[in-house]
Amino acid sequence: MVIDARMGVGSGGVQQWVIGLAAALSGLDDETEEYLFLVNEGQGEWLRPYLKGRSSLVVQPAMPGATSSTAGASSAPMRRGIETTSARARRFARSVWRSMARSAGWRLPSPFDRTMRTVRADIVHFTRPSASSTALPNIYQPWDLQHVHLPEFFDPEVLRDRDATYRRFCAQASLIVVATRWVKDDLVASYGLAPERIAVVNPPPVTEAYPVPTADEERAIAARLDLPDRYAFYPAQTWGHKNHERLLDALGQLRRRGIDVPLICSGHRNQRYARLVELAHELGIDGQVRFLGFLSPAEIQLVYRRATCLIFPTLYEGWGLPIVEAFWSGLPVACSNVTSLPALVGDAALVFDPLDPAAIASAIERLWTDANLRTELAERGRARFRQFDWRTTALTLRAHYRRLGGRRLDGSEIKLLAAEPLV
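Now for a description of the structure that goes with this document. Since we're looking at a predicted model, the values are computed, not measured.

Secondary structure summary: the chain contains 16 helices and 13 strands in total. Per-residue burial for the chain yields a buried fraction of 52% across its 423 residues. Long-range contacts, defined as pairs at least 24 residues apart, comprise 67% of the intrachain contacts of the chain with a sequence gap of at least 6. Working note: accessible area of the chain is about 20000 Å², and carbon and sulfur atoms make up 51% of it.

Here's what the structure looks like:
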C-alpha cells in the first residue's frame, strides 16, 4: 500500500492529514499490510517521526535534469549540461519506443507505475489533488471544489488546469475520498459523479498525534513567539478565500468602539501577505496583528492552548481542520456559516456571515467579553471533538484499502464502511 506524501513542510491541511494518517496506521496491529509513504527525494524528514512498525518512507528519486537543493553551485551548470544532452537522447528513444508500442497495441506503464513496480505496490492513495497517472487501484482525495465556486481567486490558466486535473483523477480513481457529506454532494452535483464512487471520511485533529512539548520547551517557545496575554487566533495561509481582509476590518471596527483584540495568525505567507500588512496599518491595528508564518508542531500546540478564542472567517472550506484542533485544545470557536462548517460545529461554536465585517466583529466581541460563553462553547467543543477518532479513521481507510485490493472483509470492516459519517 503506497500513500502519496510528496509535499514539503508547510503544505497546510493536507500535510497535517498525512501526519495524522501515518501515526494512526502505524498504530494498527497489522501482520500483512505494509504502508509505504511516498516522498520526494530530500523532502521526507517531516514525516519520519510519525512512522513505526510496518510503516516506512519510500523515496521518489529526483527527475532527470533536476538539481539537488543542497548541491554545490559550482557543479550545477556542468551537471545541467550533461543531463540536458542525455535527456534529449532519452526523449528520442522513448518516442521511438512509444511509436513501436502503439503500433503493436501495447499499453506502456506510466513513469509513476514503473516506480510503483519497484516497491511492489498494489494500491495507491493520492492524498492531494495533484496525483499521478496509474493503472493500479487507487484512491483520490480532492479536498474541495473551491475553484468551481470562487473562480475569482484563480488566474484563468490555473483555473483551467485545476479543473482538468480534478476531473482527470476523479475519472481515474477506483474510489474518491472526501472529508464531508457536503463535499460529496458538491462533487456529485458539479462533476456528475456517481455517489457510490465517493466515500466520506471525517479527519480528526492532527494535533492529537503531535509529541507534547516539555515545560522547558514551552517556556522557550513562549519567549520566542512573545505572545500577548490574551489574543484571538486564526491559523490559515494567506489565500484569498481565507478572508483575512474582512477579519481585519472587523478588528478595526472593534477598536473604534474601544475594544482592542490582539490577533495572532499562523500559516504560510504568500504574495497577499504584504497587502494584509498594509491594510492593518491603514485600519490603525498594525500594532495588534501579527503573522507568525508556518509553526512547528510544538509551537502550534502552545499557540492553541494560550489563545482566548479561535476566529475562522473563511469563505469556503471542505472541512475546517483548525476548528477540530481548537475543540481538541478546549478553545471556544466562532466561524463562518458557509459550506461544510455549520454541520461540522453543530451547537459548539458561534457562526456568522463571513461577508459581513460587522457580523464578524460581533462574534469576536461576544467571545472576547463573555467568559461564561467561552466556557460553555469550550465544553461543547470538547464533546464534539470526542466524536472524531483516529483509530476508527485508520481502520476505515484500511478496510477501503483491503476492499480495493480484493481482500475479503470481516464483519467489523463491513460495518465500518456502512457507517454514516458524523459530518
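An order of β10-β9-β8-β11-β12-β13 is seen for the six strands of this open sheet, with the pairing classed as parallel. In this open sheet, the two strands that pair with only one neighbour each are β10 (289-291) and β13 (350-352). Between one strand axis and the next, the sheet turns by 20° as a mean value, whatever way the strands run. Judged from the three bridges that link them, strand β12 (residues 333-336) and β13 form a sheet pairing that is parallel. Its bridge partner lying in β13, A334 is registered against L350. Sitting on the sheet, helix α10 (residues 297-306) is in contact with β8 (232-235), β9 (263-266) and β11 (309-312), with an inclination near 145° to β8. The strands touched by helix α11 (residues 321-329) within the sheet are β8, β11 and β12, with β11 carrying the most contacts at an inclination of about 170°.

So, about the packing of helix α7 (residues 215-225) against α10. Helix-helix packing: each pair is described by the crossing angle between the helix axes and the interaxial distance. At their nearest, the axes of α7 and α10 sit 10 Å apart, and the two run at 75° to each other. It follows that α7 is roughly perpendicular to α10 by the angle criterion. Contacts from E218, I221, A222, R224 and L225 of α7 reach α10 at A298, E299, L302, V303, R305 and R306. Here the residues of the contact of α7 with α10 sort into six nonpolar, no polar and five charged.

Moving on, we come to the side chain of E317. Along the chain, E317 turns up in the loop between β11 and α11. Polar contacts involving the side chain of E317 include one to the side chain of K242, which spans 2.9 Å.

Our next topic: helix α13 (residues 357-369). Taking 1.5 Å per residue as the helical rise, α13 with its 13 residues ought to reach 18 Å, and the 18 Å between its terminal C-alpha atoms agrees with that figure. Listed as buried for α13 are P357, I360, A361, A363, I364, L367 and W368. All buried residues of α13 project into a common sector of 165° when viewed along the axis, lining one side. The inward-facing, buried residues of α13 abut β8, α8 (244-256), β11, β12, β13 and α14 (371-385). The opening residue of α13 is D356, an N-cap whose side-chain oxygen sits 3.0 Å from the backbone nitrogen of A358.

By the secondary structure assignment, A236 is in the loop between β8 and α8. For A236, a relative accessible area of 7% translates into the label buried. In sequence terms A236 and G12 are 224 residues apart; their C-alpha atoms lie 8.2 Å from each other.

Turning to the packing of aromatic side chains, a few remarks are in order. Enumeration over the complete set of coordinates arrives at eleven aromatic pairs. With 5.4 Å between their ring centres and 80° between their planes, Y273 and F291 make a pair best called edge-to-face. Linking Y273 in helix α9 (residues 273-282) with F291 in strand β10, this pair joins segments that are 18 residues apart in sequence. Judged by its relative accessible area of 26%, Y273 falls in the partly exposed class. On the basis of an interplanar angle of 85° and a centroid distance of 5.6 Å, the ring pair of W319 and F388 is categorised as edge-to-face. Taken together, the residues span a long stretch of sequence, with W319 in the loop between β11 and α11 and F388 in the loop between α14 and α15 (390-404) at a distance of 69 residues.

Attention shifts here to the side chain of R384. Within the element layout of this structure, R384 appears in helix α14. Buried charge R384 goes without a salt bridge, the closest partner of opposite sign being D347 at 6.5 Å. There is a polar contact of 2.8 Å between the side chain of R384 and the backbone oxygen of L344. When sequence neighbours within four positions are dropped, the list of residues in contact with R384 reads F327, A343, L344, V345, G346, A348, L422 and V423.

Another point: the sheet that holds strand β5 (residues 138-140). Strand order in the open sheet formed by seven strands is β3-β2-β1-β4-β5-β6-β7, and the pairing between neighbours is parallel. Pairing within the sheet leaves two strands with one partner each, and these edge strands are β3 (55-60) and β7 (198-200). Across the sheet, the axes of successive neighbouring strands diverge by a mean angle of 25°, strand direction being ignored. The pairing of strand β2 (residues 35-40) with β3 spans six bridges and is classified as parallel. Bridged to L36 within β3 is S56.

Cut-offs used in this document
- Residues numbered from 1 in each chain as written.
- Predicted model: local features only at pLDDT ≥ 70, side-chain atom pairs only at ≥ 80, totals over all residues.
- Heavy atoms only, no water.
- Helix = DSSP H or I, 4+ residues; strand = E, 2+ residues; numbered from the N terminus.
- Buried < 20%, exposed > 50% of the residue type's maximum accessible area, 1.4 Å probe, protein only.
- Contact = heavy atoms within 4.5 Å.
- Areas by Shrake-Rupley, 256 points an atom, 1.4 Å probe, with all protein chains shown as cover.
- Pairing = 2+ DSSP bridges.
- Axes fitted to C-alpha atoms, helices over the stretch in contact; angles between N-to-C directions.
- Parallel < 35°, antiparallel > 145°, perpendicular 65-115°, else oblique.
- Nonpolar A, V, L, I, M, F, W, Y, C, P; charged D, E, K, R; others polar.
- Polar contact = N/O pair within 3.5 Å; in protein donor to acceptor, adjacent residues only side chain to side chain.
- Expected span 1.5 Å × (residues − 1).
- Arc of directions from axis to C-beta.
- Phe/Tyr/Trp six-rings, centres within 6.5 Å; stacked < 30°, edge-to-face > 60°.
- Lys, Arg positive; Asp, Glu negative; His and termini not counted.
- Salt bridge = Lys/Arg side-chain N within 4 Å of Asp/Glu carboxyl O.

Purely geometric stuff here, so don't read any function into it on its own.
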